[in-house]
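Listed here are the chains, written in short residue letters.
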There are 2 protein chains.
Amino acid sequence: MRTLLENIGEMITLQPLTSEQRGHSIKEEDLGRIHNAWLFCDNSTVAALGPMPVPADIRKFAGQVVDAKGALVLPGLVDAHTHTIFGGTRFDEFAQRLNGASYQEIAAKGGGIQASVKGTRQASDEELMKSAKRRLTRFLRRGVTTVEIKTGYGLAFKQELRLLKLIQVIRKNVRMEIVPTLLALHAVPADAKSAEAYVEEITKRLLPLVIENKLARYVDAFIESGYFSVEQAEPFIRAAEKGGLGVRVHADEFSNSGGAAAAAKWKAASADHLQHASKEGIQAMALSGTVAILLPGTSLYTGIPFTDARPFLEAKCAVAIASDFNPGSSFCENLAQLASLGALHCHLTSWQAIAAVTYVPALSLGLGDRKGALEIGFDADFAVYRMASLEEWLATMGQRLPSEVWLKGEKLHSY
Amino acid sequence: MRTLLENIGEMITLQPLTSEQRGHSIKEEDLGRIHNAWLFCDNSTVAALGPMPVPADIRKFAGQVVDAKGALVLPGLVDAHTHTIFGGTRFDEFAQRLNGASYQEIAAKGGGIQASVKGTRQASDEELMKSAKRRLTRFLRRGVTTVEIKTGYGLAFKQELRLLKLIQVIRKNVRMEIVPTLLALHAVPADAKSAEAYVEEITKRLLPLVIENKLARYVDAFIESGYFSVEQAEPFIRAAEKGGLGVRVHADEFSNSGGAAAAAKWKAASADHLQHASKEGIQAMALSGTVAILLPGTSLYTGIPFTDARPFLEAKCAVAIASDFNPGSSFCENLAQLASLGALHCHLTSWQAIAAVTYVPALSLGLGDRKGALEIGFDADFAVYRMASLEEWLATMGQRLPSEVWLKGEKLHSY
């Protein structure tokens, strides 16, 4: 279907941003802001766009014409760090934190990741897929059209493999873009002989299957005291790299554990969290082109400090914001809310904020040529908001859902 | 209509809290948590409640029986500090703050309160009422059934009087409980001769009309450097007190301006904001029974520090959370979100958090005998959530709206 959207009050295209070099030095003019715009989609991709009036030859080709009635159009949001597939709930942990317990204390009592591992292992395939799909629907309703999903609540050869296979089934059943990441190194399993033995099993038994069957695009590891050291994770990361998988890293969240520097050494696509990244680590990330993914939801949700984006931007390191959606430390699919509140508390400008949830995370997911911007040839993923401007979108902090979400040129009617 | 709700999975009644003495020393058992409960409403009020099964004589009297199917029922939330009536928008200010401007810098350039004064004066009565009603609907959808509304964007005799009259029209047209507060001393008007001259006009011309026509239940004043000093506000406050109006105070938000101590001296029902309240001020508030109303939305939304609730609670001062909904520094009607995030960052326990948005603010509004709890004789205002527990409600941070809202014993069908 060839669709023409006209009378868009304001459209943010992020068009000039489609050069990989510029993710770290976004300027206000890079928003590609068009007042009173039109957008033409040829089937699943953006074919043309511009300021009103619509050229006659474009109108002639349109199969359907939609009047946007002055609404705001933004590219579909891209969430590059989520833990969307898990069993069980951990709602009680939020109340425990209100009542004085720390994330680490909750984990020590069998809560935290281990609780979700238990819940995930106990859940049936059907339950896991059903709940994951429900969560993806919530992402969609909030304008998020691309979602990275990490495994990591299986924490055993068979269970991690099961999660990857379930993510593949989900991918084939939704129009959203789903990017699977193998986070087998999310924590040392309580039932493992040692961290090293677990890493060896994952590296030697699971990874070859994942590579052969293309079950994941990325691997990830939680580099932190009490989780995995750089040395422990290295064999897994190196083997993944060799097999053509990209690398993401949970780095320096609770302490400076050398995660940022290791991510740079591994030429990771992203290093995430980064509250305690060292100056050297940040500089190394900038040189290796590793995107810094900040996760302000965990700060809002658990009270840990926000990561200051400024040292990363000053070092010319691209900065994205992701939800870190997970059952314990950030139960929030509302990436728009995190773009607003996160930007304010992490110190991003308004233009950095919108790029941080669209084009920059797309870049970090290897989707910089078709997601996160309304560029000709890109997927026609966008959301329509009954608002006047990007400023209104930022100021309403995800409290006003889009009135329409379009995926690959098709308007979603039930979701 | 006599309505019986049965099969409530969990109901939080806050029943034992209906003694004024206990607002400051809430314990977990004061939640009045009933698992598998029923609630019986006789017309607009709560007539009986308890754990299932429903006694035969209650069932016999029920005109309609509603199966809650295991849902969570909470008392309607009470928002004791809002600026819901204003004209114009200030969405650009959020982006300006992201881009480095402070609240004070924005105000110095004609933004802030003065911008809303301009927008309000320019708006027609109809526009002001229509937008205020739209905002009240958003509060309702989020489970908020009682809303205090302050004037303060008129900032002139006629304009403040107009706002009070419009609030009265709105009050008569909605089933929600609306509590009007005259905040004529919100800022010194740009067109006033002096702060003193403005206070004198408001005190001598406006206040007698307000008292005579019962146009407000409370007065409020912004005590802060650059706004009003304690001495400047005192004649207005004293005259209001004499006329039988209650007192609320914007106190110690940007600096220790003696607002908390003044609120105590004036036996204010509440002192609000309080980031910089002194130890002496807090102790005086506890002695005078003044409720501390914390406004974490302004911290989330502008980046100013959160108020730590602990010194207030330790001094035996009751603590409430309110939205401070306003066009510039807290554009958020989602009191549930603020109960969760605010409690975490202001250091309230889970039981203090729910009391802080129900019973304690009701107390501060003089409604402690009929709002903010599900007590026999209280108004049957409550919300039904498709959740298992209070813990789930806290952990989902206002991201899941109630499936039903009931006002004075009637389920709302369109809002």
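Quick summary incoming for the structure in this document. These numbers were taken from a predicted model, which means no experiment stands behind them.

Reading guide: rules and limits
- Residues numbered from 1 in each chain as written.
- Chains lettered and ligands numbered in written order.
- Predicted model: local features only at pLDDT ≥ 70, side-chain atom pairs only at ≥ 80, totals over all residues.
- Heavy atoms only, no water.
- Helix = DSSP H or I, 4+ residues; strand = E, 2+ residues; numbered from the N terminus.
- Rg over C-alpha atoms; globule rule 2.2 N^0.38 Å.
- Buried < 20%, exposed > 50% of the residue type's maximum accessible area, 1.4 Å probe, protein only.
- Contact = heavy atoms within 4.5 Å.
- Areas by Shrake-Rupley, 256 points an atom, 1.4 Å probe, with all protein chains shown as cover.
- Lys, Arg positive; Asp, Glu negative; His and termini not counted.
- Charge placed at Lys NZ, Arg CZ, Asp CG, Glu CD.
- Buried area = accessible area lost by both parts, 1.4 Å probe.
- Salt bridge = Lys/Arg side-chain N within 4 Å of Asp/Glu carboxyl O.
- Polar contact = N/O pair within 3.5 Å; in protein donor to acceptor, adjacent residues only side chain to side chain.
- Nonpolar A, V, L, I, M, F, W, Y, C, P; charged D, E, K, R; others polar.
- 1 Å grid on protein atoms, 1.4 Å probe; cavity = no way out; pocket = protein on both sides within 12 Å on 5 of 7 lines; lining within 4 Å.
- Points joined across faces, edges and corners; volume = space filled by probe spheres on them.
- Core = buried A, V, L, I, M, F, W, Y, C linked by side-chain atoms within 4.5 Å.
- Axes fitted to C-alpha atoms, helices over the stretch in contact; angles between N-to-C directions.
- Parallel < 35°, antiparallel > 145°, perpendicular 65-115°, else oblique.
- Pairing = 2+ DSSP bridges.
- Right-handed = clockwise from strand over helix to strand, strands pointing away.
- Phe/Tyr/Trp six-rings, centres within 6.5 Å; stacked < 30°, edge-to-face > 60°.
- Lys NZ or Arg CZ within 6 Å of the ring centre and 35° of its normal.
- Least-squares fit on C-alpha atoms with pLDDT ≥ 70 in both.
- Left-handed = near helix turned anticlockwise from the far one by under 90°.

1. Structural notes on the overall build of chain A
Next up, step 1: From N to C terminus, chain A includes 16 helices and 16 strands.
Next up, step 2: Taken over C-alpha atoms, the radius of gyration comes to 21 Å for chain A, in line with the 22 Å a tight globule of 415 residues would show.
Next up, step 3: Along the first, second and third principal axes, the C-alpha atoms of chain A reach 70 × 45 × 45 Å.
Next up, step 4: Going through the 415 residues of chain A one by one, you find that 64% of them count as buried.
Next up, step 5: A separation of at least 24 residues holds for 73% of the contacts in chain A among residues at least 6 apart in sequence.
Next up, step 6: Per element, the accessible surface of chain A, about 14400 Å² overall, is 50% carbon and sulfur.
Next up, step 7: Seen as two clouds, the 45 positive and the 45 negative side-chain charges of chain A have centres 5 Å apart.

2. Observations concerning the interface of chain B and chain A
Next up, step 1: Across the boundary between the two partners, chain B contributes 37 residues, which contact 37 residues of chain A.
Next up, step 2: For the chain B and chain A pair, buried surface summed over both sides reaches about 3100 Å², with 63% attributable to carbon and sulfur atoms.
Next up, step 3: Here chain B is connected to chain A by two salt bridges.
Next up, step 4: The partner of glutamate 333 of chain B in a salt bridge is arginine 400 of chain A, and the shortest N-O contact between them spans 3.3 Å.
Next up, step 5: The interface formed by chain B and chain A includes 16 residue pairs in polar contact (both at pLDDT 80 or more).
Next up, step 6: Put simply, the parts of the chain that give the side of chain B that touches chain A at least two residues each are helix 2 (91-98), helix 11 (296-302), helix 13 (335-346), helix 14 (350-356) and helix 16 (390-395) of chain B.
Next up, step 7: Here the side of chain B that touches chain A is built from residues that sort into 17 nonpolar, twelve polar and eight charged.

3. Re empty space enclosed by the protein
Where empty space is left can be seen by rolling a probe of water-molecule size over the atoms.
Residues and elements named next belong to chain B.
Next up, step 1: Under the defined criterion, the tally for this structure stands at seven cavities of 30 Å³ or more.
Next up, step 2: Volume-wise, the largest cavity comes out at about 150 Å³.
Next up, step 3: Around the largest cavity, the lining comprises 17 residues; the ones closest to its centre are Tyr103, Glu253, Asp324, Asn326 and Ser329.
Next up, step 4: Computed from the structure, the second largest cavity encloses a volume of approximately 110 Å³.

4. Remarks on the nonpolar core
Next up, step 1: Core analysis: the largest hydrophobic core is formed by 269 residues, its most contacted members being Trp393 of chain A together with Trp393 of chain B.
Next up, step 2: When sequence neighbours within four positions are dropped, the list of residues in contact with tryptophan 393 of chain A reads Leu72, Leu74, Leu77, Ala336, Ala339, Ser340, Ile354, Val357, Tyr385, Met387 and Gly398 of chain A.

5. Comments concerning the side chain of aspartate 30 of chain A
Next up, step 1: Along the chain, aspartate 30 of chain A falls in the loop between strand 1 (2-12) and strand 2 (33-42).
Next up, step 2: A distance of 2.7 Å separates a polar atom in the side chain of aspartate 30 of chain A from the backbone nitrogen of lysine 27 of chain A.

6. Description of the packing of helix 7 (residues 195-212) of chain B against helix 8 (residues 230-242) of chain B
Residues and elements named next belong to chain B.
Next up, step 1: It is at 9 Å that the axes of helix 7 and helix 8 come closest, and there the two elements cross at 10°. Classified by the angle their axes make, helix 7 and helix 8 are roughly parallel. Residue-level contacts link Ala195, Glu196, Val199, Ile202, Thr203, Leu207 and Ile211 of helix 7 to Gln232, Pro235, Phe236, Ala239 and Ala240 of helix 8.
Next up, step 2: Among the residues making up the contact of helix 7 with helix 8, the classes are represented as nine nonpolar, two polar and one charged.

7. A look at the pairing of strand 10 (residues 246-251) of chain B
In regular strands, side chains alternate between the two faces of the sheet.
Residue and element names in this part refer to chain B.
Next up, step 1: Within strand 10, five of the six residues are buried, which leaves the element mostly enclosed by the surrounding structure.
Next up, step 2: One ladder, built from six bridges, connects strand 9 (residues 218-223) with strand 10; its direction is parallel. Within the sheet, the bridge partner assigned to alanine 221 lies in strand 10 and is valine 249.
Next up, step 3: The parallel pair strand 9 and strand 10, bridged by helix 8, forms a crossover whose chirality is right-handed.
Next up, step 4: For strand 10 and strand 11 (residues 270-273), the ladder comprises four bridges, and the chain directions are parallel. Counterpart to arginine 248 in the pairing with strand 11 is serine 270.

8. Thoughts on the packing of aromatic side chains
Next up, step 1: Within the structure shown, the criterion is met by 22 aromatic pairs over all chains.
Next up, step 2: Between the aromatic rings of phenylalanine 325 of chain B and phenylalanine 331 of chain B, the centroid separation amounts to 5.1 Å while the plane-to-plane angle is 45°, which identifies the pairing as tilted.
Next up, step 3: Residue classification places phenylalanine 325 of chain B among the buried residues on the basis of a relative accessible area of 0%.
Next up, step 4: Here the aromatic cluster, defined as three or more aromatic residues joined through ring pairs, consists of Phe86, Phe91, Phe139, Tyr153, Phe325 and Phe331 of chain A.
Next up, step 5: In this structure, arginine 135 of chain A packs its charged tip against the face of phenylalanine 86 of chain A, placed 3.6 Å from the ring centre.
Next up, step 6: When the ring centre of phenylalanine 157 of chain B is taken as origin, the NZ or CZ atom of arginine 205 of chain B, which lies over that ring, is 3.7 Å away.

9. Focus: the relation of the copies chain B and chain A
Next up, step 1: With an RMSD of 0.0 Å, chain B superimposes on chain A once it is rotated by 180° and translated 0.0 Å along the axis. Taken together, these values place the two copies in the relation of a two-fold axis.
Next up, step 2: Take the interface residues of chain B: 100% of them recur as interface residues in chain A, which is what a same-surface contact looks like.

10. Topic: helix 13 (residues 335-346) of chain A
Residue and element names in this part refer to chain A.
Next up, step 1: With twelve of twelve residues buried, helix 13 lies mostly within the body of the structure.
Next up, step 2: For helix 13, the full list of buried residues reads Leu335, Ala336, Gln337, Leu338, Ala339, Ser340, Leu341, Gly342, Ala343, Leu344, His345 and Cys346.
Next up, step 3: The first or second residue beyond helix 13 is histidine 347, which carries a positive phi of 70°.

11. A closer look at the packing of helix 5 (residues 125-141) of chain B against helix 6 (residues 157-173) of chain B
All names here are of chain B.
Next up, step 1: Look at helix 5 against helix 6: their axes get within 10 Å of each other, and the N-to-C directions meet at 50°. Looking at the two axes, helix 5 sits oblique to helix 6. Read as a crossing pair, helix 5 and helix 6 show a hand that is right-handed. Across from Asp125, Leu128, Met129, Ala132, Lys133 and Leu136 in helix 5, the residues of helix 6 making contact are Arg162, Leu163, Leu166, Val169, Ile170 and Asn173.

12. Comments concerning the environment of alanine 115 of chain B
Next up, step 1: Here alanine 115 of chain B is to be found in helix 4 (residues 113-122).
Next up, step 2: Separated by 27 residues in the primary sequence, alanine 115 of chain B and glycine 88 of chain B place their C-alpha atoms 8.2 Å from one another.

13. A short note on the pattern of salt bridges
Next up, step 1: In this structure the tally under the stated criterion is 54 salt bridges over all chains.
Next up, step 2: Note that glutamate 10 of chain A is salt-bridged to arginine 33 of chain A, the shortest N-O span being 2.9 Å. Separated by 23 residues along the polypeptide, glutamate 10 of chain A in strand 1 and arginine 33 of chain A in strand 2 bring together distant segments of the chain.
Next up, step 3: When its relative accessible area of 1% is taken as the criterion, glutamate 10 of chain A is described as buried.
Next up, step 4: Between glutamate 201 of chain A and arginine 205 of chain A there is a salt bridge; the shortest N-O distance is 2.8 Å. Pair noted here: glutamate 201 of chain A and arginine 205 of chain A are both in helix 7 (residues 195-212), with a separation of four residues, about one helical turn.
Next up, step 5: With relative accessibility at 28%, the residue glutamate 201 of chain A sits in the partly exposed group.
Next up, step 6: One salt-bridge network, held together by shared partners, links Glu177, Arg217, Arg370, Lys371, Asp379, Asp381 and Lys408 of chain B.

Shape is all these values report; function is a separate question.
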